[in-house]
Amino acid sequence: EPDVDARLVAATCGGVRVHSVYVPNGREVGHDHYHYKLSWLGRLRTHLERTCTPADDVVVAGDWNIIPADIDVWDPSKFIGSTHVTPEERAALAEVTGWGLVDTFRQRYGDASGLFSYYDYTAGHFHKREGMRIDYVLSSAGLADRSVADLIDRNARKGSKPSDHAPV
């Protein structure tokens, strides 16, 4: 059944099946959009199962609106009870990665902290390095093993009128 929002585009480029996703934000825990987010992630998992296999070269990248682990946010205690960090969101993300996807950034940088892709515009969060990693690349294992670079371009987040997201 078609989704009401355009949140996924996919193409095969050079033999790699590339998916660009914009996962729903969720707004607040318990909100209809929060439940939509969880359902949407389940639909993404089903889409992967129907269109490719973990043995294929597959990338799923974009704005996930989920902080995968506490290390991916400047202060986890500030997000207790809010979206992006709930056990349900992390479990839904684990279902997607359980299909056979690897977080190539964490594969490369391990437990390195302070590496964020999103900074709220308010209260000088960017300059204080108070961010979160909600934009990332997930790759099939074979493709992840061949990955040679992973970068969050924090410098692109600087300047006049930047996005609140840094390119990954």
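Below or above, wherever it landed, is the structure these notes cover. (Residues numbered from 1 in each chain as written. Predicted model: local features only at pLDDT ≥ 70, side-chain atom pairs only at ≥ 80, totals over all residues. Heavy atoms only, no water.)

### Regarding unusual backbone geometry
With phi around 60 degrees, Arg 129 is a residue other than glycine that occupies positive phi space. Its place among the elements puts Arg 129 in the loop between helix 3 (104-109) and strand 5 (135-140). One non-glycine residue, Lys 161, adopts positive backbone phi at about 55 degrees. Examined against the element boundaries, Lys 161 turns out to sit in the segment after helix 4 (141-146). (Helix = DSSP H or I, 4+ residues; strand = E, 2+ residues; numbered from the N terminus.)

### Overview of the nonpolar core
With 19 residues, the main nonpolar core has Leu 41, Leu 48, Val 60, Trp 64 and Leu 101 as its most contacted residues. Contributions of two or more residues to this core are made by helix 1 (32-51), strand 3 (58-63), helix 2 (87-97) and strand 5. Sort the elements by how many residues they give to this core and helix 1 lands first, with five residues. Ignoring anything within four residues of it in the chain, the contact list for Leu 101 reads Leu 48, Val 58, Val 60, Val 96, Leu 138, Ser 139 and Ser 140. Among the nonpolar cores identified, the runner-up in size contains seven residues, and Ile 67, Val 73, Phe 79 and Val 85 belong to it. (Core = buried A, V, L, I, M, F, W, Y, C linked by side-chain atoms within 4.5 Å. Buried < 20%, exposed > 50% of the residue type's maximum accessible area, 1.4 Å probe, protein only. Contact = heavy atoms within 4.5 Å.)

### Considerations on the pattern of salt bridges
Where side chains of opposite charge bring their charged atoms close, a pairing between them can arise. For the structure shown, the criterion picks out eleven salt bridges. As a salt-bridge pair, Asp 5 and Arg 7 come within 3.4 Å of each other at their nearest N and O atoms. Looking at Asp 5, the relative accessible area reads 33%, which means it is partly exposed. Note that Arg 45 and Glu 49 form a salt bridge whose closest N and O atoms lie 2.7 Å from each other. Linking Arg 45 with Glu 49, this pair stays in helix 1, spanning four residues, or about one helical turn. Here Glu 49 falls in the partly exposed class, since its relative accessible area comes to 44%. One network of salt bridges, in which partners are shared, links Asp 72, Asp 103, Arg 106 and Arg 133. (Salt bridge = Lys/Arg side-chain N within 4 Å of Asp/Glu carboxyl O.)

### A word on the packing of helix 1 against helix 2
Packing of helix 1 against helix 2 leaves a shortest axis separation of 9 Å and a crossing angle of 10 degrees. Taken together, the axis directions place helix 1 and helix 2 in an arrangement best described as roughly parallel. Where helix 1 approaches helix 2, its residues Tyr 34, Lys 37, Leu 38, Leu 41, Leu 44, Arg 45 and Leu 48 are matched on the opposing element by Glu 88, Glu 89, Ala 92, Glu 95 and Val 96. In terms of residue class, the contact of helix 1 with helix 2 is built from seven nonpolar, no polar and five charged. (Axes fitted to C-alpha atoms, helices over the stretch in contact; angles between N-to-C directions. Parallel < 35°, antiparallel > 145°, perpendicular 65-115°, else oblique. Nonpolar A, V, L, I, M, F, W, Y, C, P; charged D, E, K, R; others polar.)

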